[in-house]
Amino acid sequence: MIHDPPASYWFSRGSPPDELDAVVVGAGVVGLAAAYWATRQGARVVVLEGQRVAAGSTGRSTGFLVTGSLHPFTRLAARVGEERALELWELSRENRCLVTALVDAGLDCELVAEGSWRTCRSGDPLEAEWEASAARLVKEGYAVEWRSPSRVREASGSPHLGGALFAAGDGGLDPVSLCRGLAAAAGAEVRIGSRVRHLEAAGERVRLAWNGGHALARRVVVAVNAYAPPLVRALGEKVRAVRLQALATSPAARRLPGVWVVGPDRLCLRQLPDGSLLAAGVGRPAAPDTHGYLEHPTASGQAELEGALGELMPAF
């Protein structure tokens, strides 16, 4: 667990708290999308961000824009029920529609919508799960299809992959540009350098404090990913930080269309228009350096990621 110092006493001493309608804590893609929708409902929204827009996990991601889960639908439905699993797919489809609407309105976030490929090593039992998921989702009207191993190998250049669930319309983008565009479209006030240190109920409102001040808000959305437990103690037993590592290569000939999720290695891949390849993965679930709040790559994590990339995608 991280240990932040409390908000400074002197900044709040003798000064009345700001009276705010709605506060979003965190200016990543989730927080700014929440601000966007709240302002559309007439709320006056203030976004509090400790660093700068998209400075956290959003700005360090591979920029995937995909429908549904990166796990097979059948597996998700077995865990939470088919109705809730379908709700996740529908919510993600709505999110994708929001992004494409912003792009159509003039937002330049380098969106390349060439589809997503969810696949695995040839012969892995996961392949059957993806195929069954594709068949089930087609019945629900989603724009997905099952693509044979030969088509997957032709598209990826990898001889090691099996069949794939392909979702048309998915793609990749620049997540930082997306967040800046969301902030502008929302019209919300974004206060950078305002890292919330304390949050508590205050009657029918919520009291927030940060080093530069304090406020009372009618509604608060906490959108700080795995950093929520230090602010909302009740989440301490429910939210666990799992670290994702990523790397980027030098530009090369562009040969990998779309975005890719390869299991069970849990390797995520996309190639940018300039030919740079982005790869990310969480590594082995039991590896000690996949948990916690360390915000720097580790040698073992990078080596594992490079090894998986070299083995599965030898062209890179």
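Residues numbered from 1 in each chain as written. Predicted model: local features only at pLDDT ≥ 70, side-chain atom pairs only at ≥ 80, totals over all residues. Heavy atoms only, no water.

**Observations regarding the sheet that holds strand β8 (residues 189-192)**
Taken in spatial order, the six strands line up as β8-β2-β1-β11-β10-β9 in an open sheet, and their pairing is mixed. A strand with exactly one partner marks an edge of an open sheet, and here the two such strands are β8 and β9 (196-202). Pairwise comparison of adjacent strand axes, ignoring direction, gives a mean angle of 40° for this sheet. Across four bridges, the pairing between strand β1 (residues 18-25) and strand β2 (residues 45-49) is parallel. Bridge assignment links V25 to a residue of β2, and that residue is L48. (Pairing = 2+ DSSP bridges. Helix = DSSP H or I, 4+ residues; strand = E, 2+ residues; numbered from the N terminus. Axes fitted to C-alpha atoms, helices over the stretch in contact; angles between N-to-C directions.)

**A few points about the packing of aromatic side chains**
Applying the stated criterion across every chain yields a total of four aromatic pairs. On the numbers, 5.2 Å between centres and 85° between planes, the contact of Y36 with W37 is edge-to-face. A relative accessible area of 11% places Y36 in the buried class. Aromatic side chains W117 and F166 sit 4.9 Å apart centroid to centroid with 65° between the ring planes, which places their arrangement in the edge-to-face category. Taken together, the positions of W117 in strand β4 (residues 116-120) and F166 in strand β6 (residues 164-167) put the pair 49 residues apart, joining distant regions of the chain. (Phe/Tyr/Trp six-rings, centres within 6.5 Å; stacked < 30°, edge-to-face > 60°. Buried < 20%, exposed > 50% of the residue type's maximum accessible area, 1.4 Å probe, protein only.)

**Focus: unusual backbone geometry**
Both trends apply: most residues other than glycine have a negative phi, and most peptide bonds are in trans. Between G263 and P264 the backbone carries a cis peptide bond, its omega angle lying at 0°. Looking at the element boundaries, P264 is found in the loop between β13 (259-263) and β14 (267-271). In this structure, E110 is a non-glycine residue whose phi angle is positive, near 55°. Checked against the element boundaries, E110 lands in the loop between α4 (82-104) and β4. For N225, which is not a glycine, the phi torsion comes out positive at approximately 60°. Along the chain, N225 falls in the loop between β11 (213-222) and β12 (245-248).

**With respect to the pattern of salt bridges**
The tally for this structure, following the rule as stated, stands at 16 salt bridges. Between D21 and R218 there is a salt bridge, and its shortest N-O distance comes to 2.3 Å. Of this pair, D21 sits in strand β1 while R218 sits in strand β11, and the two are 197 residues apart along the sequence. A relative accessible area of 15% places D21 in the buried class. The exposure class of R218 is exposed, given its relative accessible area of 51%. (Salt bridge = Lys/Arg side-chain N within 4 Å of Asp/Glu carboxyl O.)

**A short note on the nonpolar core**
Core analysis: the biggest nonpolar cluster contains 25 residues, and L32, A35, V45, V47, L178 and L182 have the highest contact counts within it. Put simply, the parts of the chain that give this core at least two residues each are β1, α2 (29-40), β2, α4 and α7 (175-186). Ranked by residues supplied to this core, first place goes to α7 with five residues. Among all residues touching L182, those that are not within four sequence positions of it are V29, L32, A33, Y36, L98 and L102. Residues W117, A164, L256 and A279 belong to the second largest nonpolar core, which totals 19 residues. (Core = buried A, V, L, I, M, F, W, Y, C linked by side-chain atoms within 4.5 Å. Contact = heavy atoms within 4.5 Å.)

**Observations regarding helix α8 (residues 299-312)**
Taking 1.5 Å of rise per residue, the 14 residues of α8 would be expected to cover 20 Å, and the 20 Å separating its terminal C-alpha atoms lies within 8% of that figure. Three or more residues of α8 are buried, namely G301, Q302, L305, A308, L309 and L312. On an axial view of α8, the arc spanned by its buried residues comes to 130°, and they lie on one face. Residues of α8 that are exposed and point more than 90 degrees away from the buried face comprise A299 and E306. Elements that come into contact with the buried residues of α8 comprise β12, β13, β14 and β15 (277-281). (Expected span 1.5 Å × (residues − 1). Arc of directions from axis to C-beta.)

**Points about the side chain of D21**
In this structure the side chain of D21 is engaged in a polar contact, spanning 2.3 Å, whose partner is the side chain of R218. There is a polar contact of 3.2 Å between the side chain of D21 and the side chain of R219. Apart from residues no more than four positions distant in its own chain, D21 is found in contact with A43, R44, A217, R218 and R219. (Polar contact = N/O pair within 3.5 Å; in protein donor to acceptor, adjacent residues only side chain to side chain.)

**Digging into the sheet that holds β15**
Read from one edge to the other, the open sheet built from seven strands follows the order β5-β6-β4-β13-β14-β15-β12, with strand pairing classed as mixed. Each edge of the open sheet is held by one strand with a lone partner, namely β5 (144-147) and β12. Neighbour-to-neighbour, the strand axes of the sheet open up by a mean angle of 20°, direction not taken into account. Note: β14 against β15, five bridges, orientation antiparallel. In the sheet register, L267 faces β15, and the bridge partner there is G281. Seen against the sheet, helix α5 (residues 126-139) touches β4, β5, β6 and β13 and runs at an angle of roughly 145° to β5.

**A closer look at the pairing of β13**
Among the five residues in β13, five count as buried, and that is most of the element. Both faces of β13 are covered, namely the face carrying V259, V261 and G263 and the face carrying W260 and V262. As paired elements, β4 and β13 share five bridges and run parallel to each other. The residue bridging W117 from the neighbouring strand is W260, located in β13. Sheet topology note: the β13/β14 ladder contains four bridges and is antiparallel. When the sheet's bridge partners are listed, V261 is paired in β14 with C268. Here β13 hands over to β14 after three residues, with R266 in that stretch at a positive phi of 55°.

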